[in-house]
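In case you want the letters, here they are:
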Amino acid sequence: MRPLPVLLCRLVEGIMASFNDNGGYSVFECFLRSPGIIWRCMRRLCRIIVNALIPISWRSNCGSPLEPETNSEVNFPASSSPKDVEQSRGNGPPKRAADYNRDLTPKERQGFDRSVRESEEVVAQLTEDEDESEEDGGEFRVDSSDEFYCGYDSTWETEDQEPRCSGTRRPAAGHYKFSRFENAAKDMQNYRHDYPSLSKMSRWNESDDQLNLKFHLGLMRSVPDDAFIKDFHNEWFRDYNRLESEHSYIQWLFPLQEPGVNYQARTLTKDEIKDICQSSLALENLLNSYKLMLDFYGIELLNEQTGELTRALNWKARFNNLNSHTHNNLRITRILKCLGTLGYPHYQAPLVHFFLEETLVNRELPQIKDSVLSYFVFAVLDKRQRRNLIKFAYLNYDRKDEFVWCPKKIQMMWSRESVPRQKTYL
């Protein structure tokens, strides 16, 4: 028995001879000389013959032997791994997702559907992450009608936007914690924007004596403690009773552009800020003052480059003191502001994160928690770091209390991100 292609060729030759006898060969010859037309005609004719001769049940299992599925746009099942695809290449043409779903048992179909859902969730999560990264680079758009919107907090605004203070009283306006946060936000916003009201202050603040610069250069003593800055570093180090009971030294060690309780200390001037930041000696003395107070609070500076912190060996006793003497919260706020003003802004976030972890995660410092959330976090100048710290606080906050330091819209967004994906097993 001759092969089918030979028979087809003989059939075509007979047709051509017939047309030649009747004078129509020239037209048919032009038609047949086109390779594309010949191939398509032969494919269609072969497919008709094969469909009529080959049993349907064999084709449903193995596919057509004359034309395997080789289309690059074939859709593999969502759960197919590279190994599965490689195995399918060795065992015939791969099936489409619909073919898999049609031939599966109910139990196998359940597993297949679960795999598809998980794949869709992965794609959705990647899309959300891209959207979040784009959003983080711009503005977290929060409407002033949000329950926990604070008009004095620019954390969720772009840099070129002015602080917006809404006069509308929202439901949270009567919330004690939120009201306390709003009052704190006024102070922290004023600091982060470099005290815009300073230009309206009297000229005495810009005096030429530069007492803060001289003190940090070791050229004058503090008042009223009558001590050089090196005396604090050497003689007061680990004299915890003295550091706790005296209240006039902190304004000298960590000067600000705003006054403190020591009326004999001068507020920091713009010229002093510039000169201190340009003086390696002044910056070194400020760093040693920072280490002095860290030790007082039971903290150790691990890395002077990054500001990484850890607990000191005597942390338990120092934490107890910090819990029982909450006026230190004001001192820590001053320290954070000073670090951001005088050349150490990269130390702010590590210190705040340390306190957030000890208050919310380890729960060793419960008495300073509100100050950490209302003041410490919002002293961080870097907006991206500040947002990350607030997110860390929100995700670790005790849900028995209302979290008032972030708009509800942002809280809902973070809640959706943190929901663990529940996996169902067969």
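Residue positions within a chain follow its written sequence, with the count starting from 1. Under the rules for a predicted model, residues below a pLDDT of 70 receive no local features and side-chain atom pairs below 80 are neither given nor counted, while totals for whole chains, interfaces and linings still include all residues. Computation of side-chain values: all heavy atoms of the structure, hydrogens and water removed.

Draft legend 1. Up close: the overall build of the protein chain. The helix and strand tally for the protein chain stands at 20 helices and two strands. Residue burial is assigned from relative accessible area. The probe radius is 1.4 Å, only protein chains are included, and a residue is buried under 20% of its type maximum, exposed over 50%, and partly exposed in between. Looking at the 426 residues of the protein chain, the share that counts as buried comes to 38%. Partitioning the intrachain contacts of the protein chain with sequence separation of at least 6 by distance along the chain shows that 64% fall at a separation of at least 24. Note that accessible areas follow from Shrake-Rupley with a 1.4 Å probe, and for residues the cover is restricted to the protein chains shown. Carbon and sulfur atoms provide 52% of the accessible area of the protein chain, an area that totals close to 24900 Å². Numbering of helices and strands runs from the N terminus; a helix is a DSSP stretch of H or I covering at least four residues, while a strand is a stretch of E covering at least two. For this analysis, residues touch if any pair of their heavy atoms sits within 4.5 Å.

Draft legend 2. Inspection of the packing of helix α16 (residues 328–341) against helix α17 (residues 348–361) at higher detail. Lines fitted to C-alpha atoms define the axes, with helix axes restricted to the stretch in contact, and inter-axis angles between N-to-C directions lie between 0 and 180 degrees. Between α16 and α17, the shortest axis-to-axis distance is 9 Å and the interhelical angle comes to 155°. Relative to α17, α16 is oriented roughly antiparallel. Of the residues in α17, those in contact with I332, L336, L339 and G340 of α16 are Q348, L351, V352 and F355. Each residue receives one of three labels: charged for Asp, Glu, Lys and Arg, nonpolar for Ala, Val, Leu, Ile, Met, Phe, Trp, Tyr, Cys and Pro, and polar for the others, Gly being one of them. Looking at side-chain class alone, the contact of α16 with α17 contains six nonpolar, two polar and no charged residues. Relative orientations are named as follows: roughly parallel for angles under 35 degrees, roughly antiparallel for angles over 145 degrees, roughly perpendicular for angles from 65 to 115 degrees, and oblique for any other angle.

Draft legend 3. Here's a closer look at the side chain of S374. Within the secondary structure, S374 sits in helix α18 (residues 369–376). Here S374 falls in the buried class, since its relative accessible area comes to 2%. Non-local contacts of S374, meaning those with residues more than four positions away in its chain, are made with R180, F181, A184, M188 and W405.

Draft legend 4. Looking closely at the packing of aromatic side chains. Ring geometry is summarised as follows: Phe, Tyr and Trp rings, the Trp one being its six-membered ring, pair when their centres sit within 6.5 Å, and such pairs are stacked at plane angles under 30 degrees, edge-to-face over 60 and tilted between the two. According to the stated counting rule, one finds 22 aromatic pairs in the structure shown. Plain terms: the ring middles of Y397 and F403 are 5.2 Å apart, the flat faces sit at 80° to each other, and that makes the pair edge-to-face. Judged by its relative accessible area of 4%, Y397 falls in the buried class. Whether a charge lies above a ring is judged from NZ of Lys or CZ of Arg, which has to be within 6 Å of the ring centre and within 35 degrees of the ring normal. Looking at R318, its charged tip hangs above the ring of Y240, at a distance of 4.0 Å from the centre.

Draft legend 5. Spotlight on unusual backbone geometry. A cis amide bond links V223 to the next residue, P224, at an omega of 10°. With respect to the helices, strands and loops of the structure, P224 is situated in the loop between α9 (211–216) and α10 (229–235). For D226, which is not glycine, the phi dihedral falls at a positive 55°. In this structure, D226 sits in the loop between α9 and α10.

Draft legend 6. Quick peek at the environment of V361. Among the structural elements, V361 can be located in helix α17. In this structure, the C-alpha to C-alpha distance between V361 and N396, residues 35 residues apart in sequence, is 6.5 Å.

Draft legend 7. Fine view of the pattern of salt bridges. When a carboxyl oxygen of Asp or Glu lies within 4 Å of a side-chain nitrogen of Lys or Arg, that pair is called a salt bridge. The final tally for this structure, using the stated rule, is 13 salt bridges. A salt bridge links K337 to D187; the shortest N-O distance between them is 3.0 Å. Taken as a pair, K337 in helix α16 and D187 in helix α8 (residues 176–192) lie far apart in primary sequence, 150 residues in all. Of the residues examined, K337 reaches a relative accessible area of 3% and is grouped as buried. Exposure remark for D187: the relative accessible area of 26% places this residue in the partly exposed category.

Draft legend 8. The arrangement of the nonpolar core in detail. By size, the foremost hydrophobic cluster in this structure holds 81 residues, and its most contacted members are Y290, M293, F355, L356 and F403. Here the element with the most residues in this core is helix α14 (residues 280–296); it accounts for nine residues. To qualify as a nonpolar core, a set must consist of buried Ala, Val, Leu, Ile, Met, Phe, Trp, Tyr and Cys residues joined through side-chain atoms within 4.5 Å.

Draft legend 9. Structural context of the side chain of E358. You can see E358 is positioned in helix α17. Owing to a relative accessible area of 5%, E358 belongs among the buried residues under this scheme. Excluding residues that lie within four positions of it along the chain, E358 makes contacts with R311, F319, R363, E364 and L365.

Draft legend 10. View of α14. Taking 1.5 Å of rise per residue, the 17 residues of α14 would be expected to cover 24 Å, and the 25 Å separating its terminal C-alpha atoms lies within 8% of that figure. Burial runs high along α14: twelve of the 17 residues are buried. Among all positions of α14, only A282, L283, N285, L286, L287, S289, Y290, L292, M293, L294, D295 and F296 are buried. To estimate the expected span of a helix, count its residues, drop one, and scale the result by 1.5 Å.

Draft legend 11. Focus on the confidence of the model for the protein chain. Predicted confidence across the protein chain gives a mean pLDDT of 76, with 59% of residues reaching 70 or more. Taken as a whole, residues 55–102 scores under 50 in pLDDT and shows 36 contacts with residues more than four places along the chain or in a different chain. Segment residues 129–135 is flagged for pLDDT under 50; beyond a separation of four residues in sequence, or across chains, it makes four contacts in the model. Along the chain, pLDDT gives the predictor's confidence residue by residue, from 0 to 100.

Draft legend 12. Up close: the environment of Q189. Structurally, Q189 is set in helix α8. On the accessibility criterion, Q189 (7% relative accessible area) is buried. Taking the C-alpha atoms as reference points, Q189 and T155, separated by 34 residues in sequence, lie 9.3 Å from one another. The definition of a polar contact used here is a pair of N or O atoms within 3.5 Å, where within protein one atom must be able to donate a hydrogen and the other to accept one, and adjacent residues in sequence count solely through side-chain atom pairs. Polar contacts involving the side chain of Q189 include one to the side chain of R192, which spans 2.7 Å.

Draft legend 13. Geometry of the packing of α14 against α16. At their nearest, the axes of α14 and α16 sit 12 Å apart, and the two run at 155° to each other. As judged from the angle between their axes, α14 and α16 are roughly antiparallel. Handedness of the α14/α16 crossing: left-handed. Note on element contacts: α16 touches α14 through N328, R331, I335, C338 and L339, opposite L286, Y290, M293 and F296. Crossings are classed by handedness, with left-handed meaning an anticlockwise turn of the near helix from the far one by less than a right angle and right-handed meaning a clockwise turn.

Draft legend 14. Quick look at α17. Counted at 1.5 Å a residue, the expected span for α17 with its 14 residues is 20 Å, and the 19 Å between its end C-alpha atoms agrees. By the criterion of burial, α17 is predominantly enclosed, with ten of the 14 residues buried. Buried within α17 we find Q348, A349, L351, V352, F354, F355, L356, E358, T359 and L360. Phi for R363, located one or two positions after α17, is positive at around 55°.

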